[in-house]
Amino acid sequence: MKISDLQSIFGAERVSDTLENRLVYSRDASNLSGECLAVVWPVHLEQVCALVEWACREKIDLVPRGAGTGLCGGATPQSSIVVDFSCLTAISPVDVERHRITAGAGVVVDALNRALAPHRLCLPVIPSSHLAATIGGMIATNASGLRAVRYGSMRNWVEAVTLVDGSGRVHHLSGEALDDVAGREGASGFIVSAELKLTHLSRQRSLTLRAFDDTAALLTQRAIWLADPGLTVLEYLNRSAAQAIGLPDRPHLLAEFEGDGGELREPAKISELWRKRDSLGPQLSYQGLPISEDPQVQGDGLGHLLDWLEAEKIPAFGHLGVGIVHPRFRPGDERIAHLYQQLAAWGGQISGEHGIGLKKRRWTSLAFQEEIRRLKDRYDPARVVNGGKLCW
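Computed from a predicted structure; not experimentally measured.

About the criteria used
- Going along each chain's sequence as written, the residues are numbered from 1 onward.
- Whole-chain, interface and lining totals are the exception, using all residues; otherwise, since this is a predicted model, local features are given only for residues with pLDDT of at least 70 and side-chain atom pairs are given and counted only at 80 or more.
- Each side-chain value is worked out from all heavy atoms of the structure, with water and hydrogens disregarded.
- Helix and strand assignments follow DSSP, with helices taken as H or I runs no shorter than four residues and strands as E runs no shorter than two, numbered in order from the N terminus.
- Only heavy atoms matter for contacts: two residues are in contact if any of them lie within 4.5 Å across the pair.
- Accessible areas in this description were obtained via Shrake-Rupley with a 1.4 Å probe; residue shielding takes into account the shown protein chains only.
- Only four residue types enter the charge count, namely Lys and Arg as positive and Asp and Glu as negative; His and the chain termini do not.
- Where a charge lies is defined by one atom per residue type: Lys uses NZ, Arg uses CZ, Asp uses CG and Glu uses CD.
- Three exposure classes are used, based on accessible area relative to the maximum for each residue type with a 1.4 Å probe and protein chains only: buried under 20%, partly exposed in between, and exposed over 50%.
- The salt bridge definition used is simple: a Lys or Arg side-chain nitrogen within 4 Å of an Asp or Glu carboxyl oxygen.
- Fitted lines through C-alpha atoms serve as axes, helices being fitted only where they are in contact, and the angles separating the N-to-C directions of these axes extend from 0 to 180 degrees.
- Comment on the angle field: the value is read as roughly parallel under 35 degrees, roughly antiparallel over 145, roughly perpendicular from 65 to 115, and oblique elsewhere.
- Crossings are assigned a handedness: left-handed for a near helix turned anticlockwise from the far helix by less than a right angle, right-handed for a clockwise turn.
- Only strands joined by at least two bridges in the DSSP assignment are considered to pair.
- Amino acids outside the nonpolar list (Ala, Val, Leu, Ile, Met, Phe, Trp, Tyr, Cys, Pro) and the charged list (Asp, Glu, Lys, Arg) are all regarded as polar, and Gly is one of them.
- Only buried residues count toward a nonpolar core. Its members are Ala, Val, Leu, Ile, Met, Phe, Trp, Tyr and Cys residues joined through side-chain atoms within 4.5 Å.

1. Quick notes on the overall build of the chain
Scanning the chain from N- to C-terminus turns up 13 helices and 16 strands. Within the chain, contacts between residues at least 6 apart in sequence are counted, and of these 69% link residues at least 24 apart. For the chain, the computed accessible surface area is about 16600 Å², with 50% contributed by carbon and sulfur atoms. In the chain, 42 side chains carry a positive charge and 46 a negative one; their mean positions are 1 Å apart.

2. Details of unusual backbone geometry
Even without glycine at this site, Ser-79 takes up a positive phi of about 55°. Examined against the element boundaries, Ser-79 turns out to sit in the loop between β3 (61-65) and β4 (80-84). The exposure class of Ser-79 is partly exposed, given its relative accessible area of 37%. The residue His-99 is not glycine, and still its phi comes out positive at about 60°.

3. Quick look at the pattern of salt bridges
A complete count under the given rule lists 23 salt bridges for this structure. Notably, a salt bridge pairs Asp-95 with Arg-98, separated by 3.3 Å at the nearest N-O pair. For Asp-95, a relative accessible area of 27% translates into the label partly exposed. The shortest N-O distance in the salt bridge between Arg-335 and Glu-312 comes to 3.3 Å. A residue pair is termed long-range when its members are at least 10 positions apart, and Arg-335 in helix α12 (residues 335-345) and Glu-312 in the loop between α11 (301-311) and β15 (316-319) qualify at 23 residues. Judged by relative accessible area, which is 33%, Glu-312 ranks as partly exposed. Here the salt bridges do not stand alone but share partners, grouping Glu-293, Asp-294, Lys-359 and Lys-360 into one network.

4. Quick notes on the packing of helix α1 (residues 3-10) against helix α3 (residues 45-58)
Direction vectors running N to C along α1 and α3 enclose 155°, while the axes themselves pass 9 Å from each other. One way to sum up the angle between α1 and α3 is to call them roughly antiparallel. Considering how the two elements wind past one another, α1 and α3 form a crossing that is right-handed. Taken together, the residues of α3 that come into contact with α1 (itself represented by Asp-5, Leu-6, Ile-9 and Phe-10) are Gln-47, Ala-50, Leu-51 and Trp-54.

5. Quick notes on the pairing of strand β12 (residues 231-237)
The buried count for β12 comes to seven of seven residues, which makes it a mostly enclosed element. Where β12 and strand β13 (residues 252-258) come together, six bridges link them in antiparallel fashion. Across the sheet, the residue bridging to Leu-237 is His-252, located in β13. The pairing of β12 with β15 spans three bridges and is classified as antiparallel. Counterpart to Tyr-236 in the pairing with β15 is Gly-318.

6. Points about the sheet that holds β3
Within the open sheet, the four strands sit side by side as β1-β2-β4-β3. Their pairing is mixed. Looking along the sheet, the strands with just one partner apiece sit at the ends: β1 (15-16) and β3. With five bridges joining them, β3 and β4 adopt parallel strand pairing. Each bridged residue has a counterpart across the sheet, and for Arg-65 the counterpart in β4 is Asp-84. In the packing of α3 onto the sheet, contacts are made with β2 (36-40), β3 and β4, and the angle to β3 comes to roughly 150°.

7. Things to note about the packing of helix α7 (residues 215-226) against α11
Where α7 meets α11, the closest approach of the two axes is 10 Å, and the angle between their N-to-C directions is 135°. On the basis of the axis angle, α7 is oblique to α11. For the pair α7 and α11, the sense of crossing is right-handed. Contacts between α7 and α11 pair Thr-215, Leu-218, Leu-219 and Arg-222 from the former with Leu-302, Gly-303, Leu-306 and Asp-307 from the latter. Of the residues that constitute the contact of α7 with α11, the class distribution is four nonpolar, two polar and two charged.

8. As for the nonpolar core
In terms of nonpolar packing, the biggest core is built from 63 residues, with Leu-123, Ile-135, Ile-139, Met-154, Val-161 and Leu-196 touching the most fellow members. Those residues within four positions of Val-161 in sequence are excluded, and the remaining contacts are Ile-139, His-171, His-172, Leu-173, Leu-178, Val-181, Ile-191, Ser-193 and Ala-194.

Okay, here's the thing in structure tokens:
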């Protein structure tokens, strides 16, 4: 590999093969480590196309990276060049009438929503990493987050995507073709920008925090709240998670409503409760539990999952409205593999929002693996985009 080839595409200031940068970009938030050959920072579409064409000639793997907040090694290089999209931050004027906006792949969701606030509009998909999460990364993992029970996942809010595939061709995808991109973790190519749907920013929200004696009572209340059209958030904290932020030693549900349907309506108290909830992940990491899983289970199997986590005294919280739970583990905990094995029996899946990446590829089904291979054949026949991820 000649670094001068990359410099001819990007300019010397947007290419680096220094040891410091190669180490920094050798991993994402999963802490799975790989080999980074160099880092490039594209600023426009044509550079991405030229890079992919060069990679096909040189047979070098390219790894897309947003904010590096992924928890499954989706942005971990495997003797690869890392393509950092953080400079693609253009935001179009807001189409207020159609509730649409176009944003570069590197736009951070919180920054986008600050720009939308004067128009009383927002992108309502709010992952836990919203302070850093980028639009490209959120589409690639089909992020969901806190308000998924009301607004669904990122796929629901994407109107169209500009994609550079593994041959350097540009695609403008919409409709069913978006399924080739959303949640595919870069398997089909590089997301450069996206046209997004927006919704009205709520003027008033209220909360109810309620503790329960057992899982059965908690799930009964869950069903009641899910039938409420004003529900926007339904979060779960089991006993161990509740204790970590100073709540009683009981499982809890935190329900947010649009309007005054909740018991707590004072903005200061609502903000304080959300600060406690947002601190839960860092608190558990500080206690030596940095590994966050994201099983998703609906139906009767959800109760089995929650009861197993309680019996094992595994701290867990998550977006219970859509059946996503985040149990926390110490590194190397053998119960993680047991959890993956049990999920099929419980009617669930191993990932609700974090993705597959390197971490979970051995646990994917044969049908999923074949689906990804077909996707690679269509969009990346030379296999130069995000090698080793998902299943291949």
